Each structure stands twice: as C-alpha cells, then as structure tokens.
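Coordinate analysis (summary)
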Amino acid sequence: MAYLELKNVSFQYPNGYTAVENVSMEFEKGEKVAIIGQNGAGKTTTVKLMNGLLRPAKGEVLVGGTSTEKYTTAQIAKNVGYVFQNPDDQIFQDSIYKEIAFGLLKSGMGKAEIDKKVKETATLCGLENVLEEHPYNLSYSKRKFITIAAIVVMDPDVVILDEPTAGQDRDSTERLGKIMNWLTAKNKIVITITHDMEFVVKEFERVIVMAKKQKRRDASPKEIFWDEELLKFSNLKQPYICQFASLLGYRDVLTIDDMIGVTE
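Here's a quick rundown of the structure. (Residues numbered from 1 in each chain as written. Predicted model: local features only at pLDDT ≥ 70, side-chain atom pairs only at ≥ 80, totals over all residues. Heavy atoms only, no water.)

Concerning the side chain of lysine 144
- Looking at the element boundaries, lysine 144 is found in helix α5 (residues 140-152).
- One buried charged side chain, lysine 144, makes no salt bridge at all; its nearest oppositely charged neighbour is glutamate 163, positioned 6.6 Å away.
- In contact with lysine 144, other than residues within four places in its own chain, are Gln85, Pro87, Glu163, Pro164, Ala166 and Gln168. (Helix = DSSP H or I, 4+ residues; strand = E, 2+ residues; numbered from the N terminus. Buried < 20%, exposed > 50% of the residue type's maximum accessible area, 1.4 Å probe, protein only. Lys, Arg positive; Asp, Glu negative; His and termini not counted. Salt bridge = Lys/Arg side-chain N within 4 Å of Asp/Glu carboxyl O. Contact = heavy atoms within 4.5 Å.)

Take a look at the structure:
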C-alpha cells in the first residue's frame, strides 16, 4: 500500500471556484516526485489537501493508510511537512536558530537534542554560520532554506516543496538537489511543485502533469517532455535541451549525454 494516497479528491473554494476535480495519486516512501503545470492547474491546492491545510469536498486523502479527516492539520503536519512558496508566509521568529527550533520546542524535546538537530539541519541547508541572525537579514533565496530547515528538522515522512528553485542561483539549486536526495535516502517522500523544467529533468524520475484542475499524466520525464500533445494541452514547454534536439530533428533527448549519443 502507498504511504500517501489521494482518492478521487475534489476541492471547491468558498467563492464557488472548483480548483481540483477527481484527482487520484499515490506516493511510496523513498520517492521524489515533481508536479508540474501552469498556474491555475490545481497543483498547490492538491498538495495542500495532502497535509490538511485544505480538506477535500469529495474523495479521501490517506496518510499511512488512515484518512486525514480523522486528524487536525497540526497532527497531519507531523507526517506531512509543507514548505510554502513564499518563505515570508512561514517565518515568524527573530533568529534563524529559533525559527528552526520552534517545532522541536513545542514537541517537548530536550535542549541538548534540539541543539544537535538544529545544527545538523542548518548545516544541511547551508545556514550553520548564520544561526543567530534575524531571518530578514538574509536574502529571499536564503530565507527559503530557513523554511526548508524548519520542516526538515521535524523529520516528517513527507516533505512538500512549493516552487523551491524560484529566485535561486545554480549553487542553491544544487543544494536543493542534495537536500532532496538526503531525504529520500532516509526513506522520505519528496513532492515538489515547480515550473523549472531543467530542475525536473536533473532531479526527478517521476513527473505528474496537472492541467485544467485534473491529473493528466504520471510518467518519466522523457515520456512527459516528448508527449507533444500533452505539452500543448497543458501549455507546457520542453526543457531547453529538448527544444534544441527537436530543432535538429532528434527525438527522445533529455540530457546532454542523450544528445551526444544521438549525434555520434
């Protein structure tokens, strides 16, 4: 049985707008999965249904085989952590150390163990030398790593990242990849919403496409990015290497190595 399941879920906002219709997804521990689609496709609504920030109007969300309707959002968050797209929606403490430590303090963990976990997670996220700084002394891109650290330190089984590469440079994007790989090595599920197709190609083996409020395909990056009908329907673009290969008359190219292989 999958650890996280969405079974035919739909959601309607109070103003009557239906954001998600009849969506089903399954996720196993140790997976990295990218969810892609244009704005308004239903991606963020879908992941907020996973951790209880939103509740389905129809269908069911199961975490560890148990319906989320039996738990509060705070209880679900212990197993499904969500990192907001905008870090400023999440940060509220006056030091980076306090921000990362907050959830651990609320759990009743001892000071020595908290200190150990905060410093380990800060190192993973590149924050080990700025723990006493005020979060807003750091750049927007660095503040994203504060919010990632605050979720990762709580050790949830599922980590959801909403547009983590937005505003990030190459080094920061590489660090994100390392954090995700560290999490999956610990048998966590990592679910990432992103518009960064190069990041998808580099980091993911499974991609879910959403369009017009529904899941449209769940497949490998190569299958997704060479499904021209799907891309047109979903208003998505191929990664640059695919576009370049297409101009030269090659298909099924996803990486530089693929390109070298077809031109030899």
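Things to note about the packing of helix α3 (residues 96-107) against helix α4 (residues 111-124)
- Contact pair α3 / α4: the axes reach a minimum separation of 10 Å and the direction vectors enclose 130°. In terms of axis orientation, α3 runs oblique to α4. Crossing handedness for the pair α3 and α4: right-handed. Across the interface between the two elements, Tyr97, Ile100, Ala101, Leu104 and Leu105 of α3 pack against Ile114, Asp115, Lys117, Val118 and Ala122 of α4.
- In terms of residue class, the contact of α3 with α4 is made up of 8 nonpolar, no polar and 2 charged. (Axes fitted to C-alpha atoms, helices over the stretch in contact; angles between N-to-C directions. Parallel < 35°, antiparallel > 145°, perpendicular 65-115°, else oblique. Left-handed = near helix turned anticlockwise from the far one by under 90°. Nonpolar A, V, L, I, M, F, W, Y, C, P; charged D, E, K, R; others polar.)

Describing the packing of α5 against helix α6 (residues 170-185)
- One can describe the packing of α5 onto α6 by two numbers: an axis separation of 12 Å at closest approach and a directional angle of 5°. On the basis of their axis angle, the class for α5 and α6 is roughly parallel. Contacts from Phe145, Ile148 and Val152 in α5 reach Ser172, Arg175, Leu176, Ile179, Trp182 and Leu183 in α6.
- Each residue belonging to the contact of α5 with α6 can be placed in one class, and the counts come to 7 nonpolar, 1 polar and 1 charged.

Things to note about a positive patch on the surface
- Taken together, the side chains of Lys142, Arg175, Lys178 and Lys202 present a region of like positive charge at the surface.
- When you line up the elements, lysine 142 lands in helix α5.
- In this structure lysine 142 comes out as partly exposed when scored by relative accessible area, which is 32%. (Patch = residues over 30% accessible without salt bridge, like charges linked within 9 Å, V, L, I, M, F, W, Y side chains within 5 Å. Areas by Shrake-Rupley, 256 points an atom, 1.4 Å probe, with all protein chains shown as cover. Charge placed at Lys NZ, Arg CZ, Asp CG, Glu CD.)

Side note on the layout of surface pockets
- Put simply, the largest pocket is a space of about 690 Å³.
- Of all the secondary structure elements, the ones that give two or more residues to the lining of the largest pocket are α2 (73-77), β6 (80-83), α3 and α5.
- Take the lining of the largest pocket: its biggest share by element is 6 residues, from α3.
- In this structure, the second largest pocket encloses a volume near 350 Å³.
- In terms of lining residues, the second largest pocket is bounded by 14 residues, among which Asp196, Glu198, Phe199, Val201 and Lys202 are the most central.
- Of all the elements in the fold, those that place two or more residues in the lining of the second largest pocket are α6, α7 (197-203) and α11 (256-263).
- It is α7 that contributes the most residues to the lining of the second largest pocket, 4 residues altogether. (1 Å grid on protein atoms, 1.4 Å probe; cavity = no way out; pocket = protein on both sides within 12 Å on 5 of 7 lines; lining within 4 Å. Points joined across faces, edges and corners; volume = space filled by probe spheres on them.)

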